[in-house]
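Each chain, letter by letter, is given below.
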Amino acid sequence: MSVNNTKVGWFRSGTPWVWMSASAVSISLVMVFGLLILIAARGLGYFWPADLVAMDYTERDGTEIRVMGEQRETSLVPLERLLDAGFHLEGHQGDVERHLLKIGNRDLYGIDFRSVIEPGVKNRTTPEGVIAIERREWGNFYGFLNEVKEAGNVIAEGDAAHAALVTRLERALILHDEIKHIEKIEIGAINYQLERLRLKQRKLELNNAFDAQHEQEIAAERAEEEKRYEVLQKKLMDLYDQMNRDSLTAVSVDGRQVEVNLAKVVRIFYPNEMTVGDKLQHYFMKVWEFLSDEPREANTEGGIFPAIFGTVLMVILMAILVTPFGVVAAIYLREYATQGPVTRVIRIAVNNLAGVPSVVYGVFGLGFFVYFLGGNIDALFFPEAGPAPTFGTPGILWSSLTLAILTLPVVIVATEEGLSRIPLAVREGSLALGATKAETLWRIVIPMASPALMTGLILAVARAAGEVAPLMLVGVVKLAPSMPLDGNFPFLHLDRKFMHLGFHIYDVGFQSPNVEAARPLVYATALLLVLVIVILNLAAIHIRNRLREKYQSV
Amino acid sequence: MNSSGDNQTAGLFTSEASANHRRRRMVKDTLTRYAVGVGGISVIIAIVLIFFYLLFVVLPLFQSADVEKRASYGVPGTAQDETLYLAMEEQAEIGVRFTTSGKAVFFDLTNGKFILDERLPIPEGVSITSFAKGQMDQGIIALGLSNGQALVLRHIYRVTYPNDKRQITPQIKYPLGEAPVEIISDEVALTQIAFQSNEEQTTFAVATDDGRLFLSAFIAEESMFDDTPELEQFTTELELSDSPILRILMDQDHQNLYVVDQNNTLTYFDISDAESPEKHYQINISDDGRNVSSIEFLTGTISLIVGYEDGLLAQWFPVRDATDQKVMIRIRDFDHQQASGNPITSIASEFDRKGFLVADSQGRVGIYHSTAERNLAVTELSANPIKHLAIAPRANWMLAEEESGQLQLWHIHNDHPEISWKSLWGKVWYESYPEPDYIWQSSSASNDHEPKLSLVPLSFGTLKAAFYAMLLAAPLAILGAIFTAYFMAPKMRNVVKPSIEIMEALPTVILGFLAGLWLAPLIETHLPGTFSILLLMPIGILLCAWGWCQLPRSVRHVIPDGWEAMLLIPLVIFVGWGSLAMSPTLEAMLFDGNMRYWMSEEMGIGFDQRNSIIVGLAMGFAVIPTIFSIAEDAIYGVPRHLSQGSLALGATPWQTMIFVVLLTASPGIFSALMIGMGRAVGETMIVLMATGNTAVMDFSIFEGMRTLSANISVEMPEAEVDSTHYRVLFLAALVLFLFTFFFNTIAEIVRQRLRKKYSTL
């Protein structure tokens, strides 16, 4: 590059434009990595147990209160804006720091978060002995443990309370798990059986085949299930009684006392006394909970396991559907169809379908699969369930079918490309040795094209995993009562609705009543989704690069 | 191969076993051929199916109405009696005919068989002189009598299911009691009557035989002693011109009274205060001397449909003028039944759509929809004039009485009259709106709501979002592609390309979420900073480039050519951070500390938190990789000898780039832009989350929008299957489909041409 040292020459040579175009790349890269880092930082930070800071704070109207909470965010606010809002900040200069505190104790304050401005803060401390209680309702509690009660009578107070609490909480958690098991699995199974019996009877009635013998049989079965149910119900009541036995009382930082039943406690910890090691342990425990547990409190707390599970299952079903069709279509187009204007048009059409907006596929899926196919399947095979739809309503089968159609072009295009890269000589060699076309295809061409096929499939899976708009129409829900795969025959329930990571992000981030509290969880979910998709894409890129190298040598 | 142990090579191919084997292989080969063929073709058909299914759902929207004659019979009851009014019940099984002799005759609609007749409690020696309909869905009517009294009655139908079979029993009820109420004390015939009735109030407007006009309201007063409310009557005489009255019409809210006389003058009275009605204005509603022959309210009782003596129809409704006064304005005409000497004889409004049926003196019936400006059918029922016309509450049947006393029952198949090309894509003047406008408002809380389904605001929003996205994406992606394909060091290219591919794969729900919850508040609080980035970034880059070129060679050669992009990364971060950091200071200096406030006060610019900047940034981010990849491919594919030739002739690299490489690759860049545009148009989640989703038509960068795709995903789950709304949403999907398909096809064809060109260069 020859650099003229006069300004005009420098401009005329176009060098500044080269730099400008370089900057476009830099800006794009900064945007991508900035976004990834942003999500990662926010998503990973969510699990860290931050210290609880207590402070005296002077409110806008001059009243003084004591607040305590986790310091989440700090931003600079222009002084004018605060003065406009009615703060008394006479004598201040420049911008003012504003902190967002997670104060918890929603039962006391009505909100989880509040912001404080730095000039109003006095006596900032990280007090010792602060307990953080994760509860099943009302969010976290931050305060000081007072006493532990059993059936309303105080058992332990003050320093002794902690030891008593730990053992009793352990007991309550075991009971809670037991109750959950009974409610979810055993009673769930009974309800499923009862529903099956109802449908069986209805079906027989519809066929006019419901006679005394059937009636007896069904009644007997039903009685048996109901008996089992009663036993379980009794056991449950008993367990509930036991679980509700203990409670704790704690005092919030402004001196208000709260009684929390141990049945409502998930875990307790003392963030200000934890060492880094303790915090790390807590951190990974929270990560595990996030990955493996069910959501609590309208999806704003707890884990996202059902969403992960739903996404994975839907994607697997989609892959099973899309692979054979995509591959067959690609083989047909490349190996069997006569190459002419018609195949060219088809190829263009297939290519274009990849650019058709995903929501259009959703509309098609809803109209054709759900209402048309599903409605007819219901009328033909499930008249006994009517008027409640079985397949005539959005569900996981229709979702995976819709996404299969959506990703079909991706698989076809990738496979075709793989097929076209196989040198003609290889094919001709096989044919010359006497193999039929089918044998050549099966033994030579497809194995050679399989990495391309894999690439296509991975890209399809990555696209399907991140797609939300069509799913909103054909089967995703914010909270699925039961998983599409469970212990009840026939185990895989294709008609059920499911939860999905992408939709979870949309729903919790935008439809949740408590957005502020839910936001960190959304970042964590987004991080998970991004990780999955980035890994899948990197895998696809890697396979493709290896493939290219391989054929360069052929 | 099967080795038989035989040493004869020939045996290997001729033995029966091998022949079988070969046959099997051949069969397998053929089977595969067919299986692949069938599979491949069916996949292709499935893809085509998408288009045809969308079209299949959309098409019924544009079908005209089908009418089909189902029965014809002589009038039930006494044929000599004149018919006053014909009506049908909800299921269209039973019809009712009120006669001038004071009878209500219920009959089976399918065959005209008499079911029940009820003599109305009209005093001896008194005859019925006028008749009025109240709210149609209530089945309430009033009869004006010759003695200054009026009788209010409802025809209602009780549905029971004895033995699981539907049985409908007709009934007549008298909401104001069986005795007629006295409107005026003089014993004078009521020649015209209009009335409305609800729980609290019943209002009559009557014209008397001696040419006077009265307003009489019965207002329920809570009685102190028992539960039955007492009615208090207020009667006022209204001022009137001399000419005889043709028709009186009162709206269902007891607010407006329209009196039309035979000189075609419409007089408007504000009767919201029943004790002191006010006369507001008079206008002539004749059209070039045409006389009014028939006039009727549309459902909702806001619009009037006026039928003239030559078959012309016009819709009038009140519009607020510049002085905030309501004035009747002629909104639109329908001339489909226009012919000389062919007066409109009867108009029947649909119960819950803004459609109506019109009968004329040539025995023809037309089906219309007012806001869609649509004539759905004109059918000749008979050669005789049609005297009475009734429509079933569900608008699927009509009953017409010929002058000869014959009744005809027709089935109407008219599911989507409210959709026309004009109502979807043109400005429509809706009732209670000051002017014609493009409006999308598919549902609302009130029941009387008329869906307003203009696709224009949504298409506008779609294009606006795409425009702002392209504004960011096109320069960045194309410049980036130029640098990556032509100037960048191969090693860095190996990092950049996968990074961009990952950028493409990022789920849009994540981009939308970040745009809505992180970027939108950030930009709102750092507005001056955001704009200063636009200014400072190019300046910073140029300064940096100049500075770098001034450095001594030894320093410059540490980093070889092609790594400029890497050098610039810290600068980009620094400028971005710096701009945002100085934003509060800038805001304090230039905009009194609050740019939003300053904008709305000083410039009159509204500001949404989730506005087009946010959408542009987020969707631009999503579109950059699409454009980048295709443009980069096109530039990279330009044969090297072209650029090398140019360089050899002394052009600088940038000159070579612009005049040789870019020119050759320009079709590829064009197709990249097309495909990027297609993606921006169809993107759903980002616009759903990063805009306020209000269907406004405003190009301001500080306002949001509602796009076709976001609208589909919001409204589709609530749309009732096969309803007009459902089909219009399908139409929106079809529009998106066609739009993207069109752009992508152009792009694809251009690309294929380009590829061919490269291979010959």
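Residues numbered from 1 in each chain as written. Chains lettered and ligands numbered in written order. Predicted model: local features only at pLDDT ≥ 70, side-chain atom pairs only at ≥ 80, totals over all residues.

(A) How the structure looks around the overall build of chain A. Scanning chain A from N- to C-terminus turns up 16 helices and 13 strands. For chain A, the C-alpha radius of gyration of 31 Å lies well beyond 24 Å, the compact-globule estimate for 554 residues. (Helix = DSSP H or I, 4+ residues; strand = E, 2+ residues; numbered from the N terminus. Rg over C-alpha atoms; globule rule 2.2 N^0.38 Å.)

(B) Just the overall build of chain B, in detail. Across its full length, chain B holds 17 helices and 31 strands. Relative to a compact globule of 761 residues, whose C-alpha radius of gyration would be 27 Å, chain B shows 38 Å and is clearly more extended. Burial statistics for chain B: of 761 residues in total, 44% are counted as buried. When contacts within chain B are restricted to residue pairs at least 6 apart in sequence, those whose partners lie at least 24 apart make up 59%. (Buried ≥ 20, exposed ≤ 12 C-beta atoms within 10 Å, placed from the backbone. Contact = placed C-beta atoms within 7 Å.)

(C) Quick peek at the sheet that holds strand E24 (residues 355-360) of chain B. Residue and element names in this part refer to chain B. Taken in spatial order, the four strands of this open sheet run E23-E24-E25-E26, and their pairing is antiparallel. Since the sheet does not close on itself, it has two edges, and those belong to strand E23 (344-349) and strand E26 (374-380), each with one partner. For this sheet, the mean inter-axis angle between neighbouring strands, taken without regard to orientation, is 20°. Of the pairings in the sheet, the one linking E23 to E24 comprises five bridges and is antiparallel in character. Following the sheet pairing, Ile-347 is matched in E24 by Val-358. (Pairing = 2+ DSSP bridges. Axes fitted to C-alpha atoms, helices over the stretch in contact; angles between N-to-C directions.)

(D) Spatial organisation of the domain arrangement of chain A. Residues and elements named next belong to chain A. Structurally, chain A comprises domain 1 (7-45), domain 2 (52-127), domain 3 (143-275) and domain 4 (309-553). The interface of domain 1 with domain 4 comprises six residues on the first partner and six residues on the second. Across the side of domain 1 that touches domain 4, the residue classes break down as four nonpolar, one polar and one charged. (Domains from an automatic or database assignment. Nonpolar A, V, L, I, M, F, W, Y, C, P; charged D, E, K, R; others polar.)

(E) Just the packing of helix H2 (residues 15-45) of chain A against helix H9 (residues 564-581) of chain B, in detail. Close contact between H2 of chain A and H9 of chain B brings their axes to 8 Å; oriented N to C, the two are set at 65°. Helix-helix and strand crossings are classified by hand; for H2 of chain A and H9 of chain B the assignment is right-handed. Across from Val-18, Trp-19, Ala-22, Ser-23, Val-25, Ser-26, Ile-27, Leu-29 and Val-30 of chain A in H2 of chain A, the residues of H9 of chain B making contact are Glu-564, Ala-565, Leu-568, Ile-569, Val-572 and Ile-573 of chain B. Each residue belonging to the contact of H2 of chain A with H9 of chain B can be placed in one class, and the counts come to twelve nonpolar, two polar and one charged. (Left-handed = near helix turned anticlockwise from the far one by under 90°.)

(F) Expanded view of the interface of chain A and chain B. Counting residues at the interface gives 82 residues for chain A, matched by 87 residues for chain B. Looking at the side of chain A that touches chain B, the element that brings in the most residues is H2 of chain A, giving 19 residues. Among the residues making up the side of chain A that touches chain B, the classes are represented as 60 nonpolar, 17 polar and five charged.

(G) Here's a closer look at the pairing of strand E3 (residues 96-102) of chain A. Residue and element names in this part refer to chain A. In the sheet, strand E2 (residues 64-77) pairs with E3 via seven bridges, with the strands oriented antiparallel. Directly across from Glu-70, in E3, lies its bridge partner Lys-102. The pairing of E3 with strand E4 (residues 113-117) spans five bridges and is antiparallel. Paired with Leu-100 across the strands is Ser-115, a residue of E4.

(H) Structural view of helix H16 (residues 708-715) of chain B. The buried count for H16 of chain B comes to six of eight residues, which makes it a mostly enclosed element. Within H16 of chain B, the full set of buried residues consists of Leu-708, Ser-709, Ala-710, Asn-711, Ile-712 and Ser-713 of chain B. The inward-facing, buried residues of H16 of chain B contact helix H10 (358-381) and helix H14 (469-474) of chain A together with helix H4 (456-487), helix H14 (653-682), helix H15 (685-690) and helix H17 (724-760) of chain B.

(I) Quick peek at the sheet that holds strand E3 (residues 94-99) of chain B. Residues and elements named next belong to chain B. Read across the open sheet, the four strands follow the order E2-E3-E4-E5; overall the sheet is antiparallel. Bordering the open sheet on either side are strand E2 (83-88) and strand E5 (114-119), each of which pairs with just one other strand. Strand-to-strand twist in this sheet, taken as the mean axis angle between neighbours without regard to direction, amounts to 15°. With five bridges joining them, E3 and strand E4 (residues 103-108) adopt antiparallel strand pairing. When the bridges of E4 are listed, Val-96 appears paired with Phe-106.

(J) Quick look at the packing of helix H15 (residues 501-511) of chain A against helix H6 (residues 508-525) of chain B. Two elements in contact, H15 of chain A and H6 of chain B, have axes whose closest approach is 9 Å; the angle formed by their N-to-C orientations is 15°. By the angle between their axes, H15 of chain A is roughly parallel relative to H6 of chain B. As for the relative orientation of H15 of chain A and H6 of chain B, their crossing is left-handed in sense. Here Gly-502, Ile-505, Tyr-506, Gly-509 and Phe-510 of chain A of H15 of chain A come into contact with H6 of chain B, specifically with Val-509, Ile-510, Phe-513, Gly-516 and Leu-517 of chain B. Residue composition of the contact of H15 of chain A with H6 of chain B, by class: seven nonpolar, three polar and no charged. (Parallel < 35°, antiparallel > 145°, perpendicular 65-115°, else oblique.)

(K) Geometry of unusual backbone geometry. Residues and elements named next belong to chain B. The backbone of Glu-373 shows a phi angle near 50°, a positive value even though the residue is not glycine. Counting through the fold element by element, Glu-373 comes out in the loop between strand E25 (364-369) and E26. Non-glycine residue Asp-722 carries a positive phi angle of around 65°. Among the structural elements, Asp-722 can be located in the loop between H16 and H17.

(L) Inspection of H4 of chain B at higher detail. All names here are of chain B. Here H4 contains 32 residues, and its C-alpha end-to-end distance of 44 Å stays within 8% of the 46 Å for a straight helix at 1.5 Å per residue. Along H4, the helix axis deviates most sharply at Met-470, where the bend reaches about 35°. Counting buried positions along H4 yields 27 of 32 residues, so the element is predominantly enclosed. (Expected span 1.5 Å × (residues − 1). Bend = angle between axes of the 7 residues up to and from the residue.)

(M) Examining the domain arrangement of chain B more closely. Residue and element names in this part refer to chain B. We note that the domain assignment places domain 1 (9-62), domain 2 (122-284) and domain 3 (456-760) within chain B. The C-alpha centroid of domain 3 is placed 44 Å from the C-alpha centroid of domain 1. Domain 1 puts seven residues into the contact, and the matching count from domain 3 is seven residues. Taken together, the residues of the side of domain 1 that touches domain 3 sort by class into seven nonpolar, no polar and no charged.

(N) Looking closely at the nonpolar core. Residue and element names in this part refer to chain B. Ala-618 and Ile-627 are the most contacted members of the largest nonpolar core, which totals 243 residues. For this core, the element with the highest residue contribution is H4, accounting for 19 residues. Apart from residues lying up to four places away in sequence, Ala-618 is in contact with Leu-511, Gly-512, Ala-515, Leu-519, Ile-686 and Ala-690. Counting residues in each nonpolar core, the second largest holds 92 residues, with Ile-193, Tyr-258, Ile-331 and Ala-392 among its members. (Core = buried A, V, L, I, M, F, W, Y, C linked by C-beta atoms within 7 Å.)

(O) Fine view of the environment of Val-477 of chain A. All names here are of chain A. Among the structural elements, Val-477 can be located in the loop between H14 and H15. Here the alpha-carbon distance between Val-477 and Phe-498, two residues 21 residues apart in the chain, equals 5.9 Å. Contact partners of Val-477, with chain neighbours within four places excluded, come to Lys-497 and Met-499.

(P) Just the confidence of the model for chain B, in detail. Residue and element names in this part refer to chain B. Per-residue confidence for chain B gives a mean pLDDT of 87; residues scoring 70 or more make up 96%. Here helix H1 (residues 9-14) is the element of chain B with the lowest mean pLDDT, 59, and H4 is the one with the highest, 93. Counted against residues more than four places away or in other chains, residues 1-6, with its pLDDT under 50, gives seven contacts. Quick note on the complex model: pTM equals 0.90, ipTM equals 0.89. (pLDDT = per-residue confidence, 0-100.)

(Q) Structural detail: the pairing of E4 of chain B. Residue and element names in this part refer to chain B. Counted along the chain from E3 to the antiparallel partner E4, the turn is three residues long, and its residue Gly-102 has a positive phi close to 85°. Looking at chain direction, E4 and E5 are connected through five bridges and run antiparallel. Directly across from Phe-106, in E5, lies its bridge partner Leu-116. Counting the residues that bridge the hairpin from E4 to E5 gives five residues, and of these Gly-112 lies at a positive phi of roughly 75°.

(R) Representation of the environment of Gly-461 of chain B within the structure. Residue and element names in this part refer to chain B. Relative to the assigned elements, Gly-461 resides in helix H4. A tally of 29 C-beta atoms within 10 Å means that Gly-461 is categorised as buried. Residues Gly-461 and Val-681, 220 residues apart in the sequence, show an inter-C-alpha distance of 9.5 Å. Setting aside its immediate chain neighbours within four residues, Gly-461 contacts Ala-695, Met-705, Arg-706 and Thr-707.

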